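Residue-level structure breakdown
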Amino acid sequence: MTRPDQPASAAASDDALFGPEAADYARYRPGVPGAAVHLLAATQHGVPAPVLLDLGTGTGQVPRALLPVLRRLVHIDLVDVNASMLQAARVALEPVRGACTVDVFPGAAHTFAPAEPGRAPTLITCCRSFHWMARPEVLSMADRIAAPHAVVAIMGDGSLWTHEADWTAALRELIQSYLGDDRRAGTRGTYAEPGRSYQDDLADSAFSEVTEHHFPVTRTWTPEDVVGYLRTTSFARPALFAGRHHAFEAAALRLLQDHAGDGVLTEDTVFTVLLARRPGGAA
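Everything in this summary refers to the structure shown in the same document.

Parameters and conventions
- Residues numbered from 1 in each chain as written.
- Predicted model: local features only at pLDDT ≥ 70, side-chain atom pairs only at ≥ 80, totals over all residues.
- Heavy atoms only, no water.
- Helix = DSSP H or I, 4+ residues; strand = E, 2+ residues; numbered from the N terminus.
- Buried < 20%, exposed > 50% of the residue type's maximum accessible area, 1.4 Å probe, protein only.
- Contact = heavy atoms within 4.5 Å.
- Pairing = 2+ DSSP bridges.
- Right-handed = clockwise from strand over helix to strand, strands pointing away.
- Core = buried A, V, L, I, M, F, W, Y, C linked by side-chain atoms within 4.5 Å.
- Axes fitted to C-alpha atoms, helices over the stretch in contact; angles between N-to-C directions.
- Parallel < 35°, antiparallel > 145°, perpendicular 65-115°, else oblique.
- Left-handed = near helix turned anticlockwise from the far one by under 90°.
- Nonpolar A, V, L, I, M, F, W, Y, C, P; charged D, E, K, R; others polar.
- Phe/Tyr/Trp six-rings, centres within 6.5 Å; stacked < 30°, edge-to-face > 60°.
- Expected span 1.5 Å × (residues − 1).
- Salt bridge = Lys/Arg side-chain N within 4 Å of Asp/Glu carboxyl O.

In terms of regular secondary structure, the protein chain is built from ten helices and seven strands. In the protein chain, which comprises 283 residues, the share counted as buried stands at 54%. Looking at the protein chain alone, contacts between residues at least 24 apart form 84% of all its contacts between residues at least 6 apart.

Encoded structure:
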């Protein structure tokens, strides 16, 4: 899975990038498709006490979706460099976690270590965040701490920047009219094409046995939801616009309303899941 929305570096996001937008992130970011959630749960068939490690958890979308399906989860570790996101994730999981325990780790993914012995993860997930990380180091960390038959799941589906439709093309042009032609990425700098795919990263890791799964997804957005989503992105977050953000949002809303048929905008995309195991690991 070569990510079309992958920034040039593996620099981690932080509170300066997404902290102020944690509430918008929880509200406007698309969730994990149900079919992908069931695929993740199926990897734990026969595991008596599954332990989830969710890297770059954001507001906890992956564990929040998994808990009702994989009710045998006994422990979840949430990892993110962003304290605001971790707090939002903990709050979101509290009503649904039941007897499952939850720990948070505020730091870079590759520096994670379980807080207590006996909590080796059997499922390690990374959804729409692997591109921010020091990827080979993350996979080395996973190899050190994961259970013998653990599964690593790398997931994602691009962004509205990369989606090809009349309305997204017009929206990109509007963003560029404010911020310049180059796509912004991270707290500073611009996007550059990645030189390496996730499959390459996994092939060079201990988790080199990989299966690839594709789930077509059709989403409908209201213009207001797209504007909210943009606040959560690195290419159109509010701080980039300085004093012109209010004007940009007003212009974006008018543009999106002009393109919305029956008040909605359609996105057809594919959610990709790479499931990786050590050679000989149980399928």
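Having put the structure on the table, let's press on.
Here strand S2 (residues 75-80) runs beside strand S3 (residues 101-106); their pairing, made up of six bridges, is parallel. Paired with His 75 across the strands is Thr 101, a residue of S3. With respect to chirality, the unit in which S2 leads through helix H5 (residues 83-93) into the neighbouring parallel S3 is right-handed.

What follows deals with the nonpolar core. Burial of nonpolar side chains together is a common tendency in soluble globular proteins. Core analysis: the biggest nonpolar cluster contains 29 residues, and Leu 40, Leu 66, Ile 76, Phe 271 and Val 273 have the highest contact counts within it. Listing elements by their share of this core, those giving two or more residues are helix H3 (34-42), helix H4 (61-66), S2, H5, strand S4 (123-127), strand S5 (151-156), strand S6 (209-221) and strand S7 (265-277). Tallying contributions element by element places H3 first for this core, with five residues. Setting aside residues no more than four positions away along its own chain, Val 273 makes contact with Ala 36, Leu 39, Leu 40, Ala 153, Ile 154, Met 155, Thr 211, Glu 212, His 213 and Phe 215. Among the nonpolar cores identified, the runner-up in size contains 26 residues, and Ile 175, Phe 235, Leu 240 and Leu 265 belong to it.

Turning our attention to the packing of helix H7 (residues 166-179) against helix H10 (residues 245-259). The packing of two helices is summarised by the inter-axis angle and the distance between the axes. Following both chains from N to C, one finds H7 and H10 inclined at 160°, their axes separated by 10 Å at the closest point. By the angle between their directions, the pair H7 and H10 is classed as roughly antiparallel. As for the relative orientation of H7 and H10, their crossing is right-handed in sense. Within the contact between the two elements, H7 uses Asp 166, Trp 167, Ala 170, Leu 171, Leu 174, Ile 175 and Tyr 178 and H10 uses Ala 247, Phe 248, Ala 251, Ala 252, Leu 255, Leu 256 and His 259. Within the contact of H7 with H10, the residues separate by chemical class into twelve nonpolar, one polar and one charged.

Looking now at the environment of Val 270. Within the secondary structure, Val 270 is located in strand S7. Along the backbone, Val 270 and Val 217 are 53 residues apart, and their C-alpha atoms lie at a distance of 5.6 Å. Discounting residues that sit within four places of it in the chain, Val 270 has contacts with Gly 156, Asp 157, His 214, Phe 215 and Pro 216.

Inspection of the entire model under this criterion finds seven aromatic pairs. Aromatic pair Tyr 178 and Phe 241: ring centres 5.9 Å apart, planes at 65°, arrangement edge-to-face. With Tyr 178 in helix H7 and Phe 241 in the loop between helix H9 (223-230) and H10, this residue pair connects regions lying 63 residues apart in the sequence. Pair check on accessibility: Tyr 178 and Phe 241 agree, each one buried. On the basis of an interplanar angle of 20° and a centroid distance of 4.3 Å, the ring pair of Phe 241 and Phe 248 is categorised as stacked. Among the residues examined, Phe 241 registers a relative accessible area of 3% and is labelled buried.

Taking 1.5 Å of rise per residue, 14 residues should cover 20 Å, and H7 covers 20 Å from first to last C-alpha, within 8% of that figure. For H7, the complete set of buried residues consists of Trp 167, Thr 168, Ala 170, Leu 171, Arg 172, Leu 174, Ile 175, Tyr 178 and Leu 179. Looking at the packing, one finds that the buried side of H7 touches S6, H9, H10 and S7. Residue Gly 180 follows H7 closely and has a positive phi angle near 100°.

Further remarks concern the pattern of salt bridges. If you walk through the whole model with that rule in mind, you get 13 salt bridges. One salt bridge connects Arg 119 with Asp 103, and the closest N-O pair in it is separated by 2.6 Å. In this pair, Arg 119 sits in the loop between S3 and S4 while Asp 103 sits in strand S3, placing the two residues 16 residues apart along the sequence. Look at Arg 119 and you get buried, because its relative accessible area is 16%. Residue Asp 103 is classed as partly exposed on the basis of its relative accessible area, which comes to 24%. When the shortest N-O distance is used, the salt bridge between Asp 157 and Arg 219 registers 2.4 Å. Separated by 62 residues along the polypeptide, Asp 157 in the loop between S5 and H7 and Arg 219 in strand S6 bring together distant segments of the chain. Each member of the pair, Asp 157 as well as Arg 219, carries the same accessibility label: buried. Within the structure, one salt-bridge network assembled from shared partners comprises Arg 128, Asp 157, Arg 219 and Glu 267.

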